[in-house]
Amino acid sequence: MEAVVRRLTRADLPQYAALSAFAFQVDEQAQRGALRLLPPVALGAFTPDGDRLLAALRIWPFLAYFQGRPVPTGGVASVASWPEVRRQGLVGRLIRESLELMRAEGQAVSALYPFSYPFYRRYGWDLAFTQTLYQIPMGELDAFRRPPGGHFRPAEPDDLPALDALYRRFVRRWNGPLLRESSWWQQRVLNHPGRPAPGIGARRTVLWEDDHRLRAYVVYGFQSPDPQVPAAEQRLLRVYDWAVEDGGAFRALLSFLVQHDSMAATLILPAPSDWDFLPLLVNLRVEVQQKAGAMLRIIDMDRFLQQVVPPRPPVAPFGDDGSPLPEAVELEVEDELAPWNRGRWLLPLGPGPAQALPPDEPGPSGRGRPRLAGSIQVWSQVLSGYLPALQAWHLGLLTLVDPEAADPANPEPGTDPSDDPMGVDGPLRRRERLLRAFDRRLGLRATYLPDFF
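Every value quoted in this text rests on a predicted model; they were computed, and no experiment measured them. Each chain carries its own residue numbering, running from 1 in the written order of its sequence. Where local features are concerned, this predicted model is filtered to residues with pLDDT of at least 70; where side-chain atom pairs are given and counted, the filter is 80 or more; whole-chain, interface and lining totals use all residues. Side-chain numbers come from the whole structure's heavy atoms, not from hydrogens or water.

Enquirer: In this structure, what is going on with the overall build of the chain? I would like to understand it.
Expert: Numbering of helices and strands runs from the N terminus, with a helix taken as a DSSP run of H or I at least four residues long and a strand as a DSSP run of E at least two residues long. Broken down by element type, the chain carries 12 helices and 19 strands. A 1.4 Å probe rolled over the protein chains alone gives each residue an accessible area, and that area as a share of the maximum for its type sets the label: buried under 20%, exposed over 50%, partly exposed in between. In the chain, which comprises 453 residues, the proportion classed as buried is 50%. Taking as baseline every contact in the chain between residues at least 6 positions apart, the subset at least 24 positions apart corresponds to 73%. Accessible surface is estimated by sampling points in the Shrake-Rupley manner with a 1.4 Å probe; for residues, cover comes only from the protein chains shown. Per element, the accessible surface of the chain, about 21,200 Å² overall, is 52% carbon and sulfur. We call two residues contacting when some pair of their heavy atoms lies within 4.5 Å.

Enquirer: I keep staring at the sheet that holds strand S5 (residues 109-112) and nothing clicks. Help me out?
Expert: For sheets, the rule is that strands pair by backbone hydrogen bonds, running either parallel or antiparallel. Strands are treated as partners if at least two bridges between them are detected by DSSP. The mixed open sheet is built from seven strands, whose spatial order is S1-S2-S3-S4-S5-S14-S6. Two strands close off the open sheet at either side, each with one partner strand: strand S1 (4-7) and strand S6 (126-127). In this structure, strand S4 (residues 69-81) lies alongside S5, joined through four bridges in parallel fashion. Counted as the bridge partner of Val76 is Leu112 from S5. Each axis is a line fitted through C-alpha atoms, taken for helices only over the stretch in contact, and angles between the N-to-C directions span 0 to 180 degrees. This element, helix H3 (residues 90-104), spans S1, strand S2 (41-46), strand S3 (53-66), S4, S5 and strand S14 (295-298) of the sheet and lies at about 35° to S3.

Enquirer: Sorry if this is basic, but what is going on with H3 here?
Expert: Because each turn of an α-helix spans 3.6 residues, side chains separated by three or four positions end up pointing in the same direction. With 15 residues, H3 extends 21 Å from end C-alpha to end C-alpha; this agrees with the ideal 21 Å at 1.5 Å per step. Here H3 has its buried residues at Leu90, Val91, Gly92, Leu94, Ile95, Ser98, Leu99, Leu101 and Met102. After H3 finishes, the residue Gly106 shows a positive phi value of roughly 85°. Between the first and last residue of a helix there are one fewer steps than residues, each counted as 1.5 Å, and that sum is the expected span.

Enquirer: Would you take a moment to explain the sheet that holds strand S17 (residues 355-356) for this structure?
Expert: Here we have five strands laid out as an open sheet, ordered S17-S16-S15-S18-S19, and mixed in their pairing. Each of the sheet's edge strands pairs with one partner strand only, and the pair in question is S17 and strand S19 (399-401). With six bridges connecting them, strand S15 (residues 328-334) and strand S16 (residues 343-348) associate as antiparallel partners. Within the sheet, the bridge partner assigned to Val329 lies in S16 and is Leu347. Lying over the sheet, helix H10 (residues 376-384) contacts S15 and strand S18 (371-375), oriented at roughly 115° with respect to S18. Each of S15, S16, S18 and S19 touches helix H12 (residues 425-442); the most contacted strand, S16, lies at about 85° to it.

Enquirer: Whenever I open this one, the nonpolar core confuses me. Can you help?
Expert: If you look at soluble globular proteins, the nonpolar side chains tend to sit buried side by side. Take the buried residues of types Ala, Val, Leu, Ile, Met, Phe, Trp, Tyr and Cys, join any two whose side-chain atoms come within 4.5 Å, and each joined set is a nonpolar core. One finds Trp242, Trp379 and Phe438 to be the most contacted residues of the largest nonpolar core, which totals 97 residues. When near neighbours in sequence (up to four residues on either side) are disregarded, Phe438 contacts Val329, Leu331, Leu347, Leu349, Leu372, Trp379 and Ala389. By size, the runner-up hydrophobic cluster in this structure holds 37 residues, among which are Leu43, Ala56, Val91 and Leu94.

Enquirer: Whenever I open this one, the pairing of strand S9 (residues 204-210) confuses me. Can you help?
Expert: Sheet faces and side chains relate simply in a regular strand, where the side chains alternate between the two faces. Most of S9 sits inside the fold, with six of its seven residues counted as buried. Alignment of strand S8 (residues 151-154) against S9, held across four bridges, turns out to be antiparallel. Looking at S9, one finds that His151 is bridged to Glu209.

Enquirer: How should the environment of Leu207 be read in this particular structure?
Expert: Inspection of the secondary structure puts Leu207 in strand S9. Taking C-alpha positions, Leu207 is 9.5 Å from Glu156, a pair spaced 51 residues apart along the chain. Once residues within four sequence positions are removed from consideration, Leu207 is found in contact with His151, Phe152, Arg153, Ala155, Asp159, Leu163, Leu214, Ala216 and Tyr217.

Enquirer: Would you mind going over the side chain of Arg235 with me for this structure?
Expert: Among the structural elements, Arg235 can be located in the loop between strand S10 (213-223) and strand S11 (236-244). No salt bridge is formed by the buried Arg235; its nearest oppositely charged neighbour, Glu233, is found at 7.5 Å. Throughout this description, a polar contact denotes any pair of N or O atoms lying within 3.5 Å of each other; where both atoms belong to protein, one of them has to be capable of donating a hydrogen while the other can accept it, and for residues adjacent in sequence the pair is counted only when both atoms sit in side chains. Engagement of the side chain of Arg235 in a polar contact is seen with the backbone oxygen of Met263, the distance being 2.6 Å. The charged-residue count follows a simple rule in which Lys and Arg add positive charge and Asp and Glu add negative charge, with His and chain termini not counted at all. Salt-bridge detection follows one rule: a side-chain nitrogen of Lys or Arg within 4 Å of a carboxyl oxygen of Asp or Glu.

Enquirer: Hey, could you run me through the packing of aromatic side chains in this one?
Expert: Describing an aromatic ring pair means giving the distance of the ring centres and the angle of the ring planes. Any Phe, Tyr or Trp ring, taking Trp's six-membered ring, that has another such ring centre within 6.5 Å forms a pair; planes under 30 degrees apart are called stacked, those over 60 apart edge-to-face, and the others tilted. Applying the stated criterion across every chain yields a total of 30 aromatic pairs. Ring geometry for Phe62 versus Trp184: centroids 5.3 Å apart, planes at 85°, classification edge-to-face. Of this pair, Phe62 sits in strand S3 while Trp184 sits in helix H6 (residues 182-189); the two residues are 122 residues apart in sequence, bridging distant segments of the chain. Of the two residues, Phe62 and Trp184, neither departs from the other in class, the shared state being buried. Through pairs of rings, three or more aromatic residues link up here, namely Tyr134, Phe170, Trp174, Trp242, Phe250, Trp275, Phe277 and Tyr448. A cation over a ring is seen here: Arg6 above Phe46, with NZ or CZ 3.9 Å from the ring centre. In our convention, an over-ring charge means Lys NZ or Arg CZ found within 6 Å of a ring centre and within 35 degrees of that ring's normal. The side chain of Arg180 reaches across the aromatic face of Trp185, ending 4.6 Å from its centre.

Enquirer: What is the right way to look at the pattern of salt bridges in this model?
Expert: Oppositely charged side chains may form a pair once their charged atoms are brought near each other. Under the definition given, this model contains 25 salt bridges. The partner of Asp126 in a salt bridge is Arg121, and the shortest N-O contact between them spans 3.1 Å. In this structure Asp126 comes out as buried when scored by relative accessible area, which is 11%. By relative accessible area, which is 32% here, Arg121 ends up partly exposed. Ionic pairing is found between Arg168 and Asp164, a salt bridge with its closest N-O pair at 2.9 Å. Here Arg168 and its partner Asp164 are both found in helix H5 (residues 160-171), four residues apart, which amounts to about one turn of the helix. Judged by relative accessible area, Arg168 falls into the partly exposed class, the value being 27%. Since its relative accessible area comes to 13%, Asp164 is described here as buried. Bridged by salt links that share partners, the residues Asp210, Asp211, Arg213, Arg215, Glu245 and Asp246 form one connected network.

Here is the structure:
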């Protein structure tokens, strides 16, 4: 008989705690306490009689910044099943059901940290966040040893509102950062979530105040790669979270961190993928690693477009060489698991919002409009700001149909036909110009997700 899928109730939490504790090899009592403190929105697959929990997943009801505005976001986490029922389609069924649940909850987009990228790509998620990790020998920070003005002090419990305000001002310049509630700060940021592994010390939070206001904070701790040899020569100073008001505040933060040079040999500093710290360093004996992070999926394409893509572009609808552009571009979306996302949308390159096209609307060949077509995975990457449309097209992830680019009667402005005897260079340049204009029309910010869930 087929398993029964339903939302978990409080009566199911002990079973969910036992399943999660086994799947992720954590303490069951701690899991029970965390679930009682913050009961989850969760889906479970049960035996046909509804008694035994076989598999489950959790959906965190987040708000995340996109284009500086909070957007309801479903954070899928704690996906688990008992070994005796794995590879029987239960988790896949839960994930499919979660799409409808998140849509009903008004969540336009979903993020998750995968155990396997190919597995979740099958269900419409794809990579949308990367993080840059800098491993900096303390000696490379000699230029910052002189203390700045202002003063540093340990954070107190009543500093949390100011801490959160600085964090929000800092992260809203990216797409994807979570708006943190007080409980999230306490359980996930300022303290280790769960029991830390051997060799990992407690977290400490320090603030930098200047001009009578909070301008920077850092959450950090020490890590010994070999707990049996806790010598400073091989100890790491690991930063878990930070925010700054401006470049001066960031330099002040580095000045504070380098004061730990007698306690650690190397600083591990995470940063947004579009921030480059190397120009600040003198001798670049630095190891820089780009790590793949969370995946993203648009749950409701129409709602996401209305919330994220502004109704009026920040620039005029002209190409980067001043030549005129088409009035609009069609977006075609293919989504195997969310039929409400399948269809076409019209995005004006001039003033006006994106709007869904009726199914009987003629295609681009009949209207003379260019069309960009792709899967929900690539549109999630493009519309989140992770992947520009031009790059997605060059990678073969988006298909561009442009009737005018293939028309010999519409040569590229400023080109000599004799320079392109095969007739391919002009259409290529026209398509690139159109895609650059499309990316400017979107005006999307880069992605960044400093939280793990």
